[in-house]
Amino acid sequence: MNKKRKRLGTQAVSSRCYLIDKDEEFRSMRSDGAILRRFSAFIHESSLNPGGRHVTSCGMSSGISSDPGTDGGPHDRRAAPVVSALGGRPIVLVGMMGSGKTSTGRRLAQRLGLGFVDADVVIEQAAGMSIEDIFARHGETYFRDGEKRVMARLLGEGPRVLATGGGAFMNAEVRRRIASEGISIWLKADFDILWRRVRRRTTRPLLNNAEPEQTLRRLIAERYPVYAEAHITVASHEGSHDDVVDEMMAQLESFLSPPDPHQALAPGKTNTGKNVSKLEKIGVELGGRGYDILIGDGLIDEAGGHISRLAPGAACAIVTDENVAKHHLPALERGLDAAQIKHAKIIVTPGEGSKTYSVFERVCDEIIKARIERNDLVVALGGGVVGDLAGYAAASVRRGMRFIQIPTSLLAQVDSSVGGKTGINSPFGKNLIGAFHQPSLVLADTGSLVTLPAREFRAGYAEIVKYGLINDPGFFNWLEASWLEVFAGGAARAQAIAKSCAAKAGVVARDEHENGERALLNLGHTFGHALERVTAYDGARLVHGEGVAIGMACAFRFSARRGLCSAEEAGRVTSHLKTAGLPVRFRDIADWDASAEQILDAMYQDKKVEHGALTFILTHGIGKCFVAKTVDPLEVLAFLKDELNAGP
Ligand SMILES: NC(=O)c1ccc[n+]([C@@H]2O[C@H](COP(=O)([O-])OP(=O)(O)OC[C@H]3O[C@@H](n4cnc5c(N)ncnc54)[C@H](O)[C@@H]3O)[C@@H](O)[C@H]2O)c1
Ligand SMILES: [Zn+2]
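From a predicted model like this one, the values you see are computed outputs, not experimental measurements. (Residues numbered from 1 in each chain as written. Chains lettered and ligands numbered in written order. Predicted model: local features only at pLDDT ≥ 70, side-chain atom pairs only at ≥ 80, totals over all residues.)

*Asks:* Just to check I follow, could you spell out the overall build of the protein chain for this structure?
*Replies:* Helix and strand counts for the protein chain stand at 25 helices and 18 strands. When contacts within the protein chain are restricted to residue pairs at least 6 apart in sequence, long-range pairs at least 24 apart make up 76% of them. (Helix = DSSP H or I, 4+ residues; strand = E, 2+ residues; numbered from the N terminus. Contact = placed C-beta atoms within 7 Å.)

What follows is the structure, given as structure tokens:
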């Protein structure tokens, strides 16, 4: 027993926990006699270790590595500060099957002098069968449920290196827990590497099908945008594991190093220790009302400096929503405090429901109540909803105040924060009340996107695709090839944002008040807005960018039907949007029901209706969109009917 105890070490998972495992993590397996016997054997072999914790002594291969103390402790002199900065949190490795989580995880644990746990092995032990068998007997949902419970427990058991199964991080609850209780590292490998590593293995339940290669590609497409939410990303390459672990150590040191407010910023760092990507600056050329869009990581931390340069001595009213306030308001306030900028904050409920008269009234009143004067600033910190609402309040209070956009959603960074359209919704339609009011500065902090939910990220991506489809086929080609990198973050993402902002800035400079070219930016929006309206602006069913994605696919299909563009081009657009995880058909919207007549009726509420005629953006192909004002509503109705009846 003692020998076994020593082999498993004091980092071992306690049998108390396995009892909980049995009871809670894989409850329904009790009905299976063989497994129950396996469980009981497993439990009875457990005993209390000298430190009062239970140590399992079962003979199964353990997912728990030896106590580092027994084999010489940490092997890296940089370990102690990293472990101390972890403050008891585990390091959680996420990534696809074959990315090397177990092999690099063990080495990282050894370097740090910590224990190593492979969550999959713990699950197999708890269930008394292989993951493949759990999948085969009980299905994936059942496995994920057990996995969630196992993860919840493992995360609470102190500092160690924890390798997770490829799907664990896809669960929003698990992700939230990892974000708050651990430090996550995404081991990112590209398709070729993964395929080489996993193609011959037969123990990967998700790949045990007729088309493993396509399945792997699909999993990459689905998972990478979500894995990108991990705190740290490290490339898993064909080099030695030790190189990868070196990179992990370096990134951990950088991520965990406390900011020193007394020290000048090291080159390439913000005062939060984040890496500063190259700062992009794009001008919106509107003469006296022109302004800059700055794009880069860490801009929220630095906003105080930018604001005091723009408006020395001015106070700020920050308008934000609850979600964004939680993640990013403290950093903004710290920066404003450091720059000695007086500020008030107005926090609204997240979502389209805040673009109403009543919330608008509240925001205006609170700006006035906080004694924010005419020469002060309104700061919109958030997505398009906050930007439109705060911008309209800025346009209205004291007959117009200056305002700054700090967009935190992808959609707001690439679209709504630029161009000066502000407004709220009327019960009769979207954005029907509003004003053109240009911001004085746009600070697009790409780092803020780390906390943006994956669904919202995808929705914003639809607006990026829009710029390629309107008049830049080269950009669309690039997106088709690079969308995974855009989703994963880093330089490609910043590049896509900058490219989109530059496109929008150009259009706005040429046609600020939408008398011509600017209407092209509404590609997909006549359909999209109607869909938002018939789903009652209910973000649970459809968010703006998703409506735009369906709308763009419809605009291309409608154009193809009228012989304006080829069916192949329409298919290519649909296929790219779909690959990026966006909806492209009416049927992709869950839980709704509207007739073609109702959708058409909703289109007539659009503010682009002129003399009772609908305006559409149609296309001669990718990059060849144009404004169409003479579309016969009966033709639209017939198209809508066919779309509603379209099969899978
Ligand atoms: N003014 C314009 O030119 C223009 C252009 C396009 C869209 N819009 C408007 O923009 C709105 C849609 O914008 P949106 O998609 O940004 O919606 P949004 O503002 O509702 O944001 C989407 C969700 O993401 C959350 N969020 C935002 N940033 C976050 C972050 N960094 N971390 C965590 N959560 C975050 C928000 O709280 C919200 O729940 C619509 O009202 C649309 O009409 C305006
Ligand atoms: Zn839009």
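*Asks:* Hey, could you run me through the confidence of the model for the protein chain in this one?
*Replies:* Here the protein chain averages 83 in pLDDT, and 83% of its residues register 70 or above. Below a pLDDT of 50 lies the segment residues 1-63, which in the model reaches 87 contacts outside its immediate sequence neighbourhood of four places, other chains included. Taken together, the stretch residues 66-72 has pLDDT below 50 and engages in 15 contacts with residues farther than four places along the chain or on a different chain. (pLDDT = per-residue confidence, 0-100.)

*Asks:* Honestly, helix 22 (residues 544-561) in this entry has me stumped. Any pointers?
*Replies:* Along an α-helix, a turn takes 3.6 residues, which lines up residues three or four apart on a common side. Between the first and last C-alpha of helix 22 there are 25 Å, a value that for 18 residues agrees with the 26 Å anticipated at 1.5 Å per step. Helix 22 sits mainly inside the fold: 16 of its 18 residues count as buried. Note on helix 22: the residue one or two positions beyond its end, Gly 563, has a positive phi of about 75 degrees. (Expected span 1.5 Å × (residues − 1). Buried ≥ 20, exposed ≤ 12 C-beta atoms within 10 Å, placed from the backbone.)

*Asks:* Would you explain unusual backbone geometry in this entry?
*Replies:* Backbone phi values are negative for most residues with the exception of glycine, while trans is the configuration of most peptide bonds. The phi torsion at Arg 399 lies on the positive side, around 60 degrees, for a residue other than glycine. Along the chain, the position of Arg 399 falls in the loop between helix 16 (384-396) and strand 13 (402-407). Even without being glycine, Asp 591 reaches a positive phi, approximately 60 degrees. Secondary-structure assignment places Asp 591 in the loop between helix 23 (567-579) and helix 24 (596-603). On the basis of neighbour count, Asp 591 is assigned to the exposed category, with 9 C-beta atoms found within 10 Å.

*Asks:* What is the right way to read the sheet that holds strand 8 (residues 280-284) from this model?
*Replies:* If you walk across this open sheet you meet the seven strands as 8-9-16-13-12-10-11, and the pairing is mixed. The open sheet has two edge strands with one neighbour each: strand 8 and strand 11 (343-348). Direction aside, the axes of adjacent strands within the sheet are offset by 15 degrees on average. Bridging between strand 8 and strand 9 (residues 291-296) involves five bridges; their strand directions are antiparallel. Bridging across to strand 9, Lys 281 finds its partner in Leu 294. Relative to the sheet, helix 13 (residues 303-310) contacts strand 10 (316-321), strand 12 (377-382), strand 13 and strand 16 (441-445), its axis offset from that of strand 16 by approximately 170 degrees. (Pairing = 2+ DSSP bridges. Axes fitted to C-alpha atoms, helices over the stretch in contact; angles between N-to-C directions.)

*Asks:* What exactly am I supposed to notice about the packing of helix 4 (residues 79-86) against helix 12 (residues 241-256) here?
*Replies:* Helix-helix packing: each pair is described by the crossing angle between the helix axes and the interaxial distance. Taken N-terminus to C-terminus, the directions of helix 4 and helix 12 make an angle of 50 degrees; their axes are 10 Å apart at the nearest point. The pairing of helix 4 with helix 12 is recorded here as oblique in orientation. For the pair helix 4 and helix 12, the sense of crossing is left-handed. Of the residues in helix 12, those in contact with Val 82, Ala 85 and Leu 86 of helix 4 are Leu 252, Glu 253 and Leu 256. (Parallel < 35°, antiparallel > 145°, perpendicular 65-115°, else oblique. Left-handed = near helix turned anticlockwise from the far one by under 90°.)

*Asks:* Teacher, can you tell me more about the nonpolar core here?
*Replies:* Across soluble globular proteins, nonpolar side chains show a tendency to be buried alongside one another. Judged by nonpolar contacts, the single largest core of 167 residues is most densely connected at Val 319, Val 378, Val 379, Leu 389, Ala 393 and Met 552. Those residues in contact with Leu 389, other than ones at most four positions away along the chain, are Val 319, Val 348, Ser 354, Lys 355, Val 359, Phe 360, Val 363 and Ile 424. (Core = buried A, V, L, I, M, F, W, Y, C linked by C-beta atoms within 7 Å.)

*Asks:* How should the pairing of strand 16 be read in this particular structure?
*Replies:* Two faces belong to every sheet, and in a regular strand the side chains alternate between them. Counted residue by residue, strand 16 has five buried out of five residues, so it is predominantly covered. Where strand 9 lies against strand 16, five bridges are found, and the strand directions are parallel. Counted as the bridge partner of Gly 296 is Asp 445 from strand 16. Relative to strand 16, strand 13 runs parallel, the two sharing two bridges. Paired with Ile 404 across the two strands is Leu 441, which belongs to strand 16.

*Asks:* I would appreciate a short explanation of the site of ligand 1 in the present structure.
*Replies:* Around ligand 1, the structure places 32 residues, and the nearest of them are Asn 323, Gly 383, Gly 384, Ser 409 and Ser 416. Counting only elements with at least two residues in the shell around ligand 1, the list comes to helix 14 (322-338), helix 16, helix 17 (410-416), helix 18 (454-471) and helix 22. The residue makeup of the shell around ligand 1, split by class, is ten nonpolar, 15 polar and seven charged. (Near = placed C-beta within 6 Å. Nonpolar A, V, L, I, M, F, W, Y, C, P; charged D, E, K, R; others polar.)

*Asks:* How do you make sense of the environment of Tyr 227 when you look at a structure like this?
*Replies:* Positionally, Tyr 227 belongs in helix 11 (residues 212-227). Residues Tyr 227 and Trp 186, 41 residues apart in the sequence, show an inter-C-alpha distance of 6.2 Å.

*Asks:* For this particular structure, what's the right way to read the packing of helix 5 (residues 101-112) against helix 12?
*Replies:* Taken N-terminus to C-terminus, the directions of helix 5 and helix 12 make an angle of 55 degrees; their axes are 9 Å apart at the nearest point. Considering the angle they form, helix 5 stands oblique to helix 12. Like other packed secondary-structure pairs, helix 5 and helix 12 cross with a definite hand, here right-handed. Facing Ser 103, Thr 104, Arg 107, Leu 108 and Arg 111 of helix 5, the residues of helix 12 in contact are His 241, Asp 242, Val 244, Val 245, Met 248 and Met 249.

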